Structures are given as C-alpha cells and as structure tokens.
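Overview (structure and organization)
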Amino acid sequence: MDDKQQTNGAENPEKLTGLKKGRIKKNAAGIPAVVNSLQQVFSEAGVIRGSKALLKLNQKDGFDCPSCAWPDPDDERSGLGEYCENGAKAVAEEATAKKLEADFFAVHSVDSLAALSDFEIGRKGRIAQPMYLPKGATHYQPITWEAAFNKIATHLNALSSPDEAIFYTSGRTSNEAAFLYQLFVRAYGTNNLPDCSNMCHESSGTALNETLGIGKGSVTLDDFYKAEVVIVMGQNPGTNHPRMLSALQKAKANGCTIISVNPLPETGLMGFSHPQTMKGLLQINTALTDIFLQVKINGDLALLQAIEYFLLQEEKNQPGKVFDQHFIYEHTQDYISFIEHIDKLNLEQLSSASGISIEQIQEVAAVLKDKNKIIVCWAMGLTQHKNAVVTIQEIVNLLLLKGSIGKPGAGTCPVRGHSNVQGDRTMGIFERPSKAFLDSIERNFHFKPPQAHGYDTVEAINAMHQKKVSVFFAMGGNFLSATPDTLYTAAALRNCKLTVQVSTKLNRSHLVHGEEALILPCLGRSDKDRLNGEDQFVSCENSMGVVQASKGMLVPVSRQLMSEPAIVCYLAKATFSSSKVNWDKYLQHYDHIRNDIEKTIPGFDQYNERIRIPGGFYLPNANRQGKFSTASEKAHFTISTVEEIKLAADELLMMTIRSHDQFNTTIYGLDDRYRGIYNERRVVLMNQADMNERNINDGDIVDIYNHTGGIERVAHTFIVVAYPIPAKCAATYFPETNVLVPVSSVADKSNTPVSKGVIITLKKQS
Ligand SMILES: Nc1nc2c(c(=O)[nH]1)N[C@H]1C(S)=C(S)[C@@H](COP(=O)(O)OP(=O)(O)OC[C@H]3O[C@@H](n4cnc5c(=O)[nH]c(N)nc54)[C@H](O)[C@@H]3O)O[C@H]1N2
Ligand SMILES: Nc1nc2c(c(=O)[nH]1)N[C@H]1C(S)=C(S)[C@@H](COP(=O)(O)OP(=O)(O)OC[C@H]3O[C@@H](n4cnc5c(=O)[nH]c(N)nc54)[C@H](O)[C@@H]3O)O[C@H]1N2
Ligand SMILES: [Mo]
C-alpha cells in the first residue's frame, strides 16, 4: 500500500459489513423500541447502573437527555421514564462500564485504531485518563492533568496572535461550561469559536433573525396541543426526535391535521405506537401523517411558493377570509411587493421543481385556507441546502400570511439537534457575537474582548488548511468526521501544531491529529459531578427555550475524569499569569458561574433560584408575545426565486442522512430498522428508474463520485438499495459520505455545508 492509500483509510475506512434487508416498517416505536433500548443499556452499563440512569433521564430531579433537544412536558412526566429508544442508546453509550486506560493505548497504535470503523471505535469504552501523543509518536501515552494544561498554555502563549488558535464546541456542553469557555477564549483574545451549529441550524438562526428578530423558534410544547395544522418538513422525528411523536399524536387526538414533506416516507411520520402507553405496547398504531408530500430533494421552496400562490388566489376571491389582514397590517412589512411576486409565479414550473402534483398542492392549500393555527417544524432537510435561508424565510412568509406567529397553537419550530446547542449559543458560543454581548462582557469582567469576527466551521477548516492556525481545541464533538470534505479537513487538522479534544468517548478526531495531540477525558451528562465535597448540577436550554437543571448520578468510570467547567478554569489558570476573571471562584461552586451568567446575559434573572424550580423556566421570546425585535419592529416578508439545481443526465442529487442507529458520528449499531436496512451502513438508496437507466441492480456495488470545483472526490464501495425515493435523488448515511461533501459548497448567508444537496455520479464496481 502506498502512503496515500494508508492515510485515506485512517480518515474513512471502506469495509462492508454484510447487508441484510427487511421491509420498511409501517410504524415507529412500540415493543421493539423498548426491547432494543433496554438491551443496549443493560449490555453496556449493566442492569443496576443502567436502570438507575434510565429512571432519572429527563425527570425533574434527573439529568437532561444527552440525545436530542426536544422539550420535556412541563407538567406530568411519564413514570416509565421520559425517554425514547435513541435517548436510551445515548445513555448506554455514555454510561458504559468499559474504560480506556493507559494500557489500552500502549497496546493499540493510533494507526491500528484508525483502521477500525466508527462503530468499532465507539464500542471501546469511556476514555479514563488524559492522554498525550508526542510529535512523531505512534501511540498515545498517559499525561497528568497539570502537564496537559501546561502544554496547551505553552502552545497558546507562543502564538504570534490569538487568532492562530481555534476553539470548537459541540452541542452537549452545558450552559455553565459554555459560558466559561467563551469567556476564556475571549479573555485569551479571539472570537474563533466555531460550533456544530454552523453545520446544523445556522440557516434557521440567520433566516429567523432577519425576518422575525430572533434566531430561535416561537412555539412551546403546549402549542402543539392547540394547533390546527402541523407541517413537518425535512425532518425525521421517528429516529432523531422520537418524543416529538407523542406530541404529534396528542395534537392529532385534538383534531390537528399533520402534513409531512420529505423525499422519503419516513416511518415515524407515517405511524406511531407510543411505547409508554399500554395501547402503544400492544402495537396499536396511530397513523400520524394526513397528507404526505414526497418532494424532490430541495423542492421545498417551490412547494411553499405554490401553496402561497393558491392561497393568494383564494384570498382574492374572498378578501380577508384566507389571510390575516389585521395581523399583516399591524405587524408586518413588505406584504404588497411579496404578493405581487407570488401572483406572477408559474404554477407548472413550481410543481415540477418541487416534484409535487398541482392536485396535491391544491389539497394542502384547501386545508390551510380556513386555518390560522399553524406550526411548521423543520430540521436538517431544509437547513443543509444552498438556498436554506430563503427556504426557511418562505416558511416565515406562509406563517405571516396566516397570522400564525405569536398566538397559541401557531408558530415557528426549528427542531434543534444536540441537547444544548441552543443554550451554547445563548451563552455566547458564536464567532460573530453582537456588540451588546461583547459590551456586557467588558462591563462585567473589565477586559476588552476582541471585536473582530472569528472563524465559523467552514472558515476554520480553510484557515487550518492554509496554515494560518497552529492550535485546534475542541470542547466535545468529532470535528474530523462531522465536517465536510473529510480528506481536505484531515489535511487541515494535520497542519496544526497541537490538536486537543475534550471528550467522553474515543473518536476519529483523536486519530487524525496535529503534530502533537491531547485527549482530555471529561464527565458526561449522566455522571455525578462533585466539587469541593458537594454534588453539582449544570443547566441546559432545550429547543423551546426552557432552561432546566441537569444532575448526573452515576459514579464516574474513573477518578481522573474532570468536568468541562473545571477543565476551562484550570486551562485559564495555566494560560494567564494574571486574569481579570476569578477562575478559582468558579471551582468552588457552579452557583458562582450562574451568578455571572445572570449579570452578563439577559433573561437569566434569579438564575440560581429559578433553576432550582423543578422543570426550570422559559427564556423570554418576543415572537411568542407577537412582538418582533427587528429594526422596524415588524416581521418581514421576503421575496425569493426558485433556482432549480441543474443535473446532467448521469448525475443525481444526494442527501446525507442519519440511520436509526447512530447519534451523529457515534454509531450505536449497524441497523436502520425503520427503513428495513440491517447490518450495513455503506448503502446508497436509489430510485428504481435511475437504476434501470444505469443498468444497476439492487445489491450491486458502486463507487460514488463528486466533482465540484474540478476536484474528484470519491467514496468507494456502497451497496445499491432500491428505495421509494424520487427520481434523480439518492440518500446515503452521514458520516461515511462526508468525503463527498465539498467544503466549498455552502448555504448562502449561513455558510452551512450543503450536506443534503451533493451532486454525485456512480460507477459500478466490476
Ligand atoms: N437518534 C438520533 N437523534 C438525533 C441525532 C442523531 O444522529 N441520532 N442527531 C441530532 C442532531 S445534531 C440533529 S441536527 C437532528 C437531526 O434531525 P433530522 O434533521 O431529522 O436528521 P437527518 O437524518 O439529517 O434527516 C433529515 C430528514 O430530512 C429529509 N430531507 C433531506 N433533504 C430534504 C429536502 O430537500 N427536503 C425535505 N423536505 N426533506 C429532506 C430526509 O429524508 C430526512 O428525513 O437530530 C438530533 N437527534
Ligand atoms: N454529511 C453530513 N454532515 C453532517 C451532518 C449531516 O446531516 N450530514 N449533520 C451536521 C450536524 S446537524 C451536526 S450537529 C454535526 C455534529 O458534529 P459534532 O457535534 O462535532 O459531532 P458528534 O458526533 O455529535 O460528537 C460526538 C463526540 O462527542 C464527544 N462527546 C459526547 N458527549 C460529550 C460530552 O458530554 N462532553 C464532551 N466534551 N464530549 C462529548 C464524544 O467523544 C463523541 O465521540 O455534524 C454535522 N455534519
Ligand atoms: Mo445537529
């Protein structure tokens, strides 16, 4: 093997595991979900440790589920545990009793670990002590915490500018840790704070901020129970937000119509049996979706405009009966130019661009016509496209026409991913902080924070690639595998002098590294966090802006794990010879951190008192009160044009999606149960007509190519699976195909990698 092939393997091994196929499931959850989740937890954590964790998951005195950011009910929480199959798997992953100590790393070289699949790497266990990889070494070796902090500090203090360091954050970091982390980074002197949100809901934040004056959604869980229509676009809740299905089921019981917009007939959206009710356990199924719109990939903007076109014609026939003219007059701007634009659109073109028939669009318009309590939910199927921001703004247009913002049962619902990704942003993890935020830091901590914007995720990759950066520090996550263009990103990380990962579990970012590398093992959500002889808790903000306490209760697998807030404090103490921030105070009790958050960030009054109220508290949200904090204090209609992605005859448009057995780059297992795909992740879902055209059969093995920007990217060895997906569309799993996502292909304005719109060609292996 030559060098190049060896390094390619380290970034993305390409072994098949043996596909087995079953039927696409008709409904989600039920007994198989319960059995599956218990099996996973008990085999990893043991019965006692596992049950202990599950009973506290998402309870008012428990810990926040490390899986998704779906909110918990404000009132009653299920005695059976307020968790879903995938939350339980996330707990199993973290609560595992297996641990990796120095002897493990002494036996296994970095190269031998990198040859394993992500699934195999994840099974190894929790990292149990700080590890260091010296320059040129083949194996990680143990290091004391003190030596590790000093090493980082020495590197940071040697840089000619603080902007030569990058500080990434993944979305599991608590409010307390995130606040201290950004404070440290800004005291050090840079705004280079890219985060996973840059690859996730950045497009939503950008779209909503511009039009509604707040980058967050407006609905609460209670709104679901009052809604007349819920539209779920570009989201697979059955797998990624399973507890959302209970909310949809309850909405439906209250008479709500559910419309799903997705290129795939996702099982959870089609039918659901609630695993925590007797009916559910007996597999009595609720059909959730009333109208399924099987859009082409990226057909959503055209679809939304076509719906608006029909509604406008109805409004012309019955003025004031379809649109909420009072709301539009009182609260919005640019309505006239907007409807002039919509009126001129060509319906046939929109129907063809969306892949939805005019009859179906009309059916949806007929449902929406008389309704004014509408919620639109969306996730990565919308945010990870070139035109993501305008697509989301088209959702805003639709809601504004109907007066469906700022009243019960209506509003925007970007469904967040990581459990505290929204909170991290509230705490200031942002490469483009507002002036008000920086001024508040200056007022409260008496140093002048850097004012220039820092790098977001894509800019960070490019800066490392161009050797403008020497130190890469990650507070959680798996940067190498989560980001686009894997080989390019790997080269970027290898250009660094030092890479540091604060992690719970081993992942590929430990194995594709800078000249020197450190792994700092931290406590997870479920771990007991003791400081000064006292149990501590942290807090998180969910997708609907509720801040609540999270308290782990499992004995950590090793005495050498450190909490994320403590890691930041010790790092700051090692780095600064003097500091305006009293880091020692925060090491006494986390209440001190919360007191300083209260002083610095609006909405956290009496933080320490209110966080102790079971269930937590809501952050202020102007939209919820029907207010818009744009410059004009009005919500904006926006005008956008559909630009269809042109595909050559041999090209397909590929979306990279999650299977049912993974959390982002953490692979729990090899099955995608609902989609009927077992024991294999290297699959490409294709339409039968596209297969026929290419003379490809189900089960054939192909290599997948992308040529954006004249660069050949290839992902080898994928098994073709015939699937009910629209023609010219394909689907593969993330992160195996991140090698194909061009780093240059990003959403306008939000700079989010276009992970759901990758232009590919296929070559059959002979
Ligand atoms: N179990 C589990 N839970 C998770 C995660 C996980 O990996 N595992 N990840 C967490 C994170 S960080 C996030 S961001 C969320 C992600 O949650 P999702 O956004 O649900 O995740 P994806 O698998 O990326 O799914 C995208 C969905 O959008 C559809 N889609 C793709 N392209 C288009 C399009 O152009 N138009 C439309 N209408 N639909 C499209 C796909 O078919 C798929 O159903 O989940 C969070 N929760
Ligand atoms: N092609 C493609 N790429 C994508 C996406 C896609 O849909 N398609 N989705 C994007 C999205 S939405 C997101 S959010 C990103 C995710 O990007 P990341 O957040 O960077 O990735 P994760 O896989 O969630 O990170 C997993 C690692 O986090 C560490 N970890 C887990 N819990 C903790 C903790 O409590 N503390 C600390 N310090 N570490 C912890 C573990 O070591 C684990 O290996 O990926 C993005 N990339
Ligand atoms: Mo995400």
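These figures come from a predicted structure and were not determined experimentally. Counting starts from 1 at the beginning of each chain's written sequence and moves along it residue by residue. Written order decides the labels, with chains lettered from A and ligands numbered from 1. In keeping with the predicted nature of the model, local features appear solely for residues at pLDDT of at least 70, side-chain atom pairs appear and are counted solely at 80 or more, and the whole-chain, interface and lining totals rest on all residues. Only hydrogens and water are set aside; all other atoms, that is, all heavy atoms of the structure, feed into the side-chain values.

This part covers the site of ligand 1. By nearness alone, 31 residues border ligand 1, and Glu266, Asn298, Asp300, Gln662 and Asn664 come closest of all. Between ligand 1 and the protein, one listed contact pairs an oxygen atom with a backbone N or O atom of Gly234 at 3.3 Å. Note that an oxygen atom of ligand 1 is positioned 2.7 Å from one of the backbone N or O atoms of Asn664. Each helix is a run of H or I in the DSSP string that is no shorter than four residues. Each strand is a run of E no shorter than two, and both are numbered from the N terminus. Those elements giving two or more residues to the shell around ligand 1 turn out to be α12 (237–240), α21 (380–383), β25 (652–657) and β26 (662–663). Under the scheme applied here, ten amino acids are nonpolar (Ala, Val, Leu, Ile, Met, Phe, Trp, Tyr, Cys and Pro), four are charged (Asp, Glu, Lys and Arg), and all others, including Gly, are polar. Looking at side-chain class alone, the shell around ligand 1 contains twelve nonpolar, 15 polar and four charged residues. Any residue with a heavy atom positioned within 4 Å of a molecule or strand is treated as near that molecule or strand. Nitrogen and oxygen atoms within 3.5 Å of one another constitute a polar contact, given that in protein one can donate a hydrogen and the other can accept it, and given that sequence-neighbouring residues count only through two side-chain atoms.

The next thing to look at is the site of ligand 2. Around ligand 2 there are 30 residues in total, and Tyr168, Ser170, Ala482, Glu564 and Thr665 lie nearest to it. What sets the accessible areas is the Shrake-Rupley method with a 1.4 Å probe; for residues, cover comes only from the shown protein chains. Computed on the free molecule, ligand 2 has an accessible area of 930 Å², of which 96% lies beneath the protein chains in the complex. Residue ranges assigned to the domains are those given by an automatic or database domain assignment. Mapped onto the domain boundaries, the shell around ligand 2 takes at least three residues apiece from domain 1 (20–26 + 647–764) and domain 2 (109–130 + 141–196 + 420–622).

This next bit is on the pairing of strand β21 (residues 538–541). The classification of residues rests on relative accessible area computed with a 1.4 Å probe and restricted to protein chains. Under 20% of the type maximum is buried, over 50% is exposed, and intermediate values are partly exposed. Alternating positions in β21 separate into two faces, Val538 and Cys540 on one and Ser539 and Glu541 on the other, with burial throughout. Here β21 pairs with strand β22 (residues 546–550) via four bridges, running antiparallel. Within the sheet, the bridge partner assigned to Val538 lies in β22 and is Ser550. Paired strands are those between which DSSP finds at least two bridges.

The next thing to look at is the domain arrangement of the chain. It is common to give the size of an interface as the accessible area lost on bringing the parts into contact. Once the domains are mapped, the chain shows domain 1 (20–26 + 647–764), domain 2 (109–130 + 141–196 + 420–622) and domain 3 (202–414). Distance between the C-alpha centres of domain 2 and domain 3: 35 Å. By the convention used here, residues are in contact when the closest approach between their heavy atoms is within 4.5 Å. Contacts between domain 2 and domain 3 engage twelve residues on the former and eleven residues on the latter. Across the domain 2/domain 3 interface, buried area totals approximately 780 Å², and carbon plus sulfur atoms make up 45% of it. Take the accessible area each of two parts loses on contact, using a 1.4 Å probe, and add the two losses: that sum is the buried area.

Looking now at the sheet that holds strand β30 (residues 701–706). A barrel is described by the order of its strands in space; here six strands give the closed sequence β25-β32-β29-β31-β30-β33, paired in mixed fashion. The sheet shows a mean angle of 45 degrees between the axes of neighbouring strands, taken without regard to direction. Where β25 lies against strand β32 (residues 729–733), five bridges are found, and the strand directions are parallel. Across the sheet, the residue bridging to Leu653 is Cys729, located in β32. Interaxial angles span 0 to 180 degrees and are taken between N-to-C directions of axes, which are lines fitted to C-alpha atoms, for helices over the stretch in contact.

Only Phe, Tyr and Trp rings take part, Trp by its six-membered ring, and two of them pair if their centres are within 6.5 Å. Stacked means planes under 30 degrees apart, edge-to-face means over 60, and tilted covers everything else. Counting across every chain of the model gives 24 aromatic pairs. For the ring pair Phe167 and Phe473, a centre distance of 5.9 Å and an interplane angle of 40 degrees mean the geometry is tilted. Note that Phe167 is positioned in strand β7 (residues 165–169) and Phe473 in strand β16 (residues 471–475), a separation of 306 residues in sequence. Overall, the relative accessible area of 0% leaves Phe167 in the buried class. For the pair Phe327 and Phe628, a centre-to-centre distance of 6.4 Å together with 85 degrees between the ring planes defines the contact as edge-to-face. A residue pair is termed long-range when its members are at least 10 positions apart, and Phe327 in helix α17 (residues 325–331) and Phe628 in the loop between β23 (617–618) and β24 (635–636) qualify at 301 residues. By the ring-pair criterion, three or more aromatic residues cluster together here, those being Phe167, Tyr181, Phe184, Tyr188, Phe473 and Phe576. As a reminder, the over-ring test applies to NZ of lysine and CZ of arginine, requiring each to be within 6 Å of the ring centre and within 35 degrees of the ring normal. Here Arg172 stacks its cationic end above the ring of Phe663, 5.0 Å away from the centre of that ring. Between Arg594 and the ring centre of Phe537, over which it is positioned, the NZ or CZ distance is 4.0 Å.

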